[in-house]
Structure formats: structure tokens, C-alpha cells
Amino acid sequence: MKRYPTGILNFDSQIGGGFPEGSVILLLEDPGAGAEILSFYFVVEGLKKNENILYITTDDTVEELKESLKIYFDISDNLFEKIRFIDLMNPRVGMGKSLGFVPSLYGDAYNRVIEEIFKGSYGRIVLNNLAYFAKHYDRDTVMNLLENISIYVKRKKGVALILLTRGLLDPSYEVAIKHVVDGVIEMCIVEAENEVQRRIKILKLKRTIVPKNMFRYEITDKGISLESVKRII
């Protein structure tokens, strides 16, 4: 079975070398916990391995996303050409309708994503952020989106990374999403010892022995660094 490493060595070592092929992985984060940065690692690792990558951005334009990625990685504009982007923010910004957005006025984002996925051949897919679809589409449509992505990655033996901010959805809705995906990674922020600490825990990962430990990590100008692989009490 092929595994898709994130590029964060200490983290990959805890999950058997990476995410197992054919998986949809939910990154459930507190605001500011750094899930987007983890997605950057996932993308850059794919570039190193010459894999086809699709990145769907809903909260930032592609230009803003590239600027953010360059903060942590020395990546050339030529490499960006190897990534297929779907930019769901730029049309809203360009038409000045960011408030009260109606999907039908800007093209159906759901169908655009599904069509692009199934006409391509992607090893790595990132959807940043699922909250966009939860806001503009009903629950059945969002669950159908996840099902279609799951079907695709199983056919192509790839991995899809789905980002979602914790607490935005009804608890039962969030549980339903956790149920249908193959892996759930939580990235949390806690206040302890007069400082803000970031912690990552793996709640679920199919075909993998899930570590019981929770790991502390830091975000610096060099990216994400796991402080220790020891259990946090």
C-alpha cells in the first residue's frame, strides 16, 4: 500500500510514513492552529515527488495563497505551474459581491469542483475550506461532495486533504463528516503555562495503527515543528 507523506518527518513517522492511499483526511482545526500550513507541506511534498496536485481555495485568491506558501517554502513560480488551482474566491472579489454570495451567479462551485476532479488524474487534492460549501449548500450536497471525492481517491489511489474550522457547524453535522472520512486529524490551540500552545491529535486513520499520544508543535518562519513525540499529560 502506497502512503503519501506530509513532509513533516516526525509526524509522518507516527502514522506509518504518511496517509494511506485512497483516503480522505479531515484536518479539523481551531482558528490559527495552522492546518493551511500543513496543507502546504502536503503540496510541496507532492511537487518533490512529481505528483499531480489539485488545490481548491475558498477563502483566499490563488495569488494570496501563493504568497502565504512562499513564507514557509522556497518555491519558484515555475513550480506553481505544476499545481492545478480552483480559485473560488477570485470571482467574488473581482465582481465585488463577497457579501451575500449566491453560487448560481458565479457558476456552480460544487459542479466545478466535481468536474475538475473527475476529468483529471490527481494524486493529491486539497480542499481549503469545507466551511465554504457548508455555508452555501445544503447538508446532503456537502456529504455528496465528500462521497464523490472519496470515490475518486479510491479509484486513483490518491489522498484528499479536507480542511474545516472547528465549531462552525452543528455538532451532529461535524460528527457525520468525521464518520464518512477515512482520517480525522485535530489541530488545537490551548492556553497553558501563560502561553499559547498548539497540539495535534490523530482521532482516526484507517489502515493505520493510530498513536494514542497527542503532540505539541510550533509554527515558525520555517513552518511546523513537532516539539516532541512524547505523550502530553
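Remember, it's a predicted structure, so these values are computed and weren't measured experimentally. (Residues numbered from 1 in each chain as written. Predicted model: local features only at pLDDT ≥ 70, side-chain atom pairs only at ≥ 80, totals over all residues. Heavy atoms only, no water.)

Participant: Just checking my understanding: could you explain the packing of helix 8 (residues 139–156) against helix 9 (residues 171–180) for this structure?
Facilitator: Two packed helices can be described by the angle between their axes and the distance between those axes. At a minimum axis separation of 10 Å, helix 8 and helix 9 run at an interaxial angle of 20°. In terms of axis orientation, helix 8 runs roughly parallel to helix 9. In terms of crossing hand, the pair formed by helix 8 and helix 9 is right-handed. Contacts from Arg 139, Val 142, Met 143 and Leu 146 of helix 8 reach helix 9 at Ser 172, Tyr 173, Ala 176, Ile 177 and Val 180. For the contact of helix 8 with helix 9, a count of residues per class yields seven nonpolar, one polar and one charged. (Axes fitted to C-alpha atoms, helices over the stretch in contact; angles between N-to-C directions. Helix = DSSP H or I, 4+ residues; strand = E, 2+ residues; numbered from the N terminus. Parallel < 35°, antiparallel > 145°, perpendicular 65-115°, else oblique. Left-handed = near helix turned anticlockwise from the far one by under 90°. Contact = heavy atoms within 4.5 Å. Nonpolar A, V, L, I, M, F, W, Y, C, P; charged D, E, K, R; others polar.)

Participant: Got a minute to help me understand the side chain of Asp 30 in this structure?
Facilitator: As for its position among the elements, Asp 30 is in the loop between strand 3 (23–29) and helix 2 (35–48). A residue is classified by how much of its surface remains accessible, and Asp 30, at 14% relative accessible area, is buried. A polar atom in the side chain of Asp 30 sits 2.9 Å from the side chain of Arg 166. Among the polar contacts listed, one links the side chain of Asp 30 to the backbone nitrogen of Ile 189, at a separation of 2.8 Å. (Buried < 20%, exposed > 50% of the residue type's maximum accessible area, 1.4 Å probe, protein only. Polar contact = N/O pair within 3.5 Å; in protein donor to acceptor, adjacent residues only side chain to side chain.)

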